[in-house]
Amino acid sequence: MSAIIDVRQLRQSFGERTVLDGLNLEIEGGIFALLGPNGAGKTTLVSILTTLLRPDSGTARVCGHDVVREPAQVRRMIGATGQYASVDDQLTARENLGMIGRLLGLGRSHAQERAAGMLDRFGLSASADRRVADFSGGMRRRVDLAASLMRTPAVLFLDEPTTGLDPASRAQIWEDVASLSAGGCTVLMTTQMLDEAEELADRVAIIANGGIVADGTVPEILSRVGEETVALVDEAGQTVRTLPARATAGGLAAALAGLSAEERTLRVDVHRPTLDDAFLALTAQRAEAVAA
Ligand SMILES: Nc1ncnc2c1ncn2[C@@H]1O[C@H](COP(=O)(O)OP(=O)(O)O)[C@@H](O)[C@H]1O
Ligand SMILES: [Mg+2]
């Protein structure tokens, strides 16, 4: 089966700045998180995949359709929310969804019915007839999400869907994304938050310096950065020594037998590499390779 999203040798520069430098990525389905620091090129990639930006070179296909040669076919398969969400502040939530339904070609009563269903699904029924301008950040984000789902998309693009939201609203969006995915929708989300990727995504890719520096499940990525270690920690919380956690019992015993009497009073901690560690290690490696 071919990938739902297939990106090959994608390049994009803005003036002197090369943002995507021959990026390759294949996504098969489920929830996929694209992780990267601010300025890494996440929005640029999403803009290309949603046909809003034409790449300098390379190819990108969504559901088998080329984003440059077949933009209309791509748009028919996708939903998107992000910085460029089309919700109008001056309209009510219901008016917004109804209008988007009409723009998508639904008849008036079908659009109204669908809008009411979406408002209900996202817990917005009680506020449906208030102007979006008066909504909280979390409610607004839910209107964006509802708007992107007025037609059920095969692929949903969410560009930093929870940035700037309070923890309760974030958790609510996470639930919505998980239930969409359970319904068969492929989700490509971008995030700067490692915990978000770890919580939600089936697979993760880390974007840095114009390319994908790691791609896989969270455990796969973690296993690339290192093993669990046993750390000996002093009272101030400083790590004094580190031993491999997967050593044999004999190996550990020998290492521990070499400790001084003073070192024997140290606290023992098991350290598992986190996605933070992976992120730092992998983005640094790529930076070195680029500098060399
Ligand atoms: N339309 C544009 N014109 C000029 N520079 C841009 C434009 N869009 C993005 N950039 C630059 O490209 C880089 C990547 O931006 P972006 O894709 O928005 O990153 P991210 O979404 O990962 O934070 C940034 O340095 C940004 O300033
Ligand atoms: Mg962005």
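The structure this text deals with has already been given above.
If you're wondering where the values come from, they're calculated on a predicted model, not measured in any experiment.

Q: What is the right way to look at the overall build of the protein in this model?
A: Within the protein, the regular secondary structure consists of 10 helices and 13 strands. Judged by the C-alpha coordinates and their principal axes, the protein covers about 80 × 45 × 35 Å. Across the 292 residues of the protein, 44% fall into the buried class. Here the protein displays about 14600 Å² of accessible surface, and carbon together with sulfur accounts for 50% of that area. Each charge sign in the protein was given a centre, from 29 positive and 38 negative side chains, and these centres are 7 Å apart.

Q: Help me understand the sheet that holds strand 3 (residues 31-35), please; the structure alone is not making it clear to me.
A: Strand pairing in a sheet takes place through backbone hydrogen bonds and is either antiparallel or parallel in direction. Here we have 6 strands laid out as an open sheet, ordered 6-7-8-3-9-10, and mixed in their pairing. Two strands bound the open sheet, and with one partner strand each, they are strand 6 (78-81) and strand 10 (211-216). Ignoring strand direction, the axes of neighbouring strands in this sheet form an average angle of 15°. Sheet topology note: the strand 9 (residues 203-208)/strand 10 ladder contains 5 bridges and is antiparallel. What sits directly across from isoleucine 207, in strand 10, is isoleucine 212. Sitting on the sheet, helix 1 (residues 42-49) is in contact with strand 3, strand 6, strand 7 (155-159), strand 8 (186-191) and strand 9, with an inclination near 150° to strand 8. Along the sheet face, helix 6 (residues 167-182) touches strand 3, strand 7 and strand 8 and points at about 135° away from the line of strand 3.

Q: Teacher, can you tell me more about the sheet that holds strand 1 (residues 5-14) here?
A: Across the sheet, which stays open at both edges, the 4 strands sit in the order 2-1-4-5 with antiparallel pairing between neighbours. Looking along the sheet, the strands with just one partner apiece sit at the ends: strand 2 (17-27) and strand 5 (65-66). Judged from the 8 bridges that link them, strand 1 and strand 2 form a sheet pairing that is antiparallel. Looking at strand 2, one finds that arginine 11 is bridged to aspartate 21. The sheet contacts of helix 1 involve strand 1, strand 2 and strand 4 (57-62), and relative to strand 1 the element is tilted by about 120°.

Q: What am I meant to see in the site of ligand 1 here?
A: Taken together, the neighbourhood of ligand 1 is formed by Phe14, Arg17, Val19, Pro37, Asn38, Gly39, Ala40, Gly41, Lys42, Thr43 and Thr44. Between an oxygen atom of ligand 1 and a main-chain N or O atom of glycine 39, the distance comes to 2.7 Å. Burial of ligand 1 by the protein chains amounts to 59% of its free accessible area of 560 Å². Every element with two or more residues in the shell around ligand 1 is listed here: strand 2 and helix 1. A per-element tally of the shell around ligand 1 places helix 1 first, with 3 residues. Split by residue class, the shell around ligand 1 holds 4 nonpolar, 5 polar and 2 charged.

Q: Is there a simple way to think about the pairing of strand 3 in this case?
A: The buried fraction of strand 3 amounts to 5 of the 5 residues, a majority that puts the element mostly inside the structure. On strand 3, burial covers both faces: Ile31, Ala33 and Leu35 on one face and Phe32 and Leu34 on the other are all buried. Strand direction decides the pairing type here: strand 3 and strand 8, joined by 5 bridges, are parallel. Bridge pairing links leucine 35 to threonine 191 in strand 8. Pairing of strand 3 with strand 9 involves 4 bridges; the strand directions are parallel. Residue pairing for strand 9: alanine 33 is matched across the bridge by valine 204.

Q: Looking at this structure, I do not really get the layout of surface pockets. What am I missing?
A: A probe matching the size of a water molecule, rolled over the atoms, marks out where space remains unfilled. Taken as a whole, the largest pocket spans an internal volume of roughly 620 Å³. Tallying contributions element by element places strand 6 first for the lining of the largest pocket, with 4 residues. When grouped by side-chain class, the residues that make up the lining of the largest pocket number 12 nonpolar, 6 polar and 4 charged.

Q: Please clarify how the pattern of salt bridges should be interpreted in this entry.
A: Side-chain pairs of opposite charge can arise whenever the charged atoms involved come near each other. The tally for this structure, following the rule as stated, stands at 11 salt bridges. For glutamate 160, the salt bridge identified is with lysine 42, shortest N-O distance 3.8 Å. A residue pair is termed long-range when its members are at least 10 positions apart, and glutamate 160 in the loop between strand 7 and helix 6 and lysine 42 in helix 1 qualify at 118 residues. Judged by relative accessible area, lysine 42 falls into the buried class, the value being 4%. For aspartate 129, the salt bridge is made with arginine 94, and the minimal N-O distance between the two is 2.9 Å. With a gap of 35 residues between them, aspartate 129 in the loop between helix 4 (108-121) and helix 5 (137-148) and arginine 94 in helix 3 (residues 93-103) connect regions that are remote in the sequence. Each of Arg170, Asp195 and Glu196 takes part in salt bridges that share partners, so that together they form one network.

Calculation rules
- Residues numbered from 1 in each chain as written.
- Chains lettered and ligands numbered in written order.
- Predicted model: local features only at pLDDT ≥ 70, side-chain atom pairs only at ≥ 80, totals over all residues.
- Heavy atoms only, no water.
- Helix = DSSP H or I, 4+ residues; strand = E, 2+ residues; numbered from the N terminus.
- Buried < 20%, exposed > 50% of the residue type's maximum accessible area, 1.4 Å probe, protein only.
- Areas by Shrake-Rupley, 256 points an atom, 1.4 Å probe, with all protein chains shown as cover.
- Lys, Arg positive; Asp, Glu negative; His and termini not counted.
- Charge placed at Lys NZ, Arg CZ, Asp CG, Glu CD.
- Pairing = 2+ DSSP bridges.
- Axes fitted to C-alpha atoms, helices over the stretch in contact; angles between N-to-C directions.
- Contact = heavy atoms within 4.5 Å.
- Near = heavy atom within 4 Å.
- Polar contact = N/O pair within 3.5 Å; in protein donor to acceptor, adjacent residues only side chain to side chain.
- Nonpolar A, V, L, I, M, F, W, Y, C, P; charged D, E, K, R; others polar.
- 1 Å grid on protein atoms, 1.4 Å probe; cavity = no way out; pocket = protein on both sides within 12 Å on 5 of 7 lines; lining within 4 Å.
- Points joined across faces, edges and corners; volume = space filled by probe spheres on them.
- Salt bridge = Lys/Arg side-chain N within 4 Å of Asp/Glu carboxyl O.

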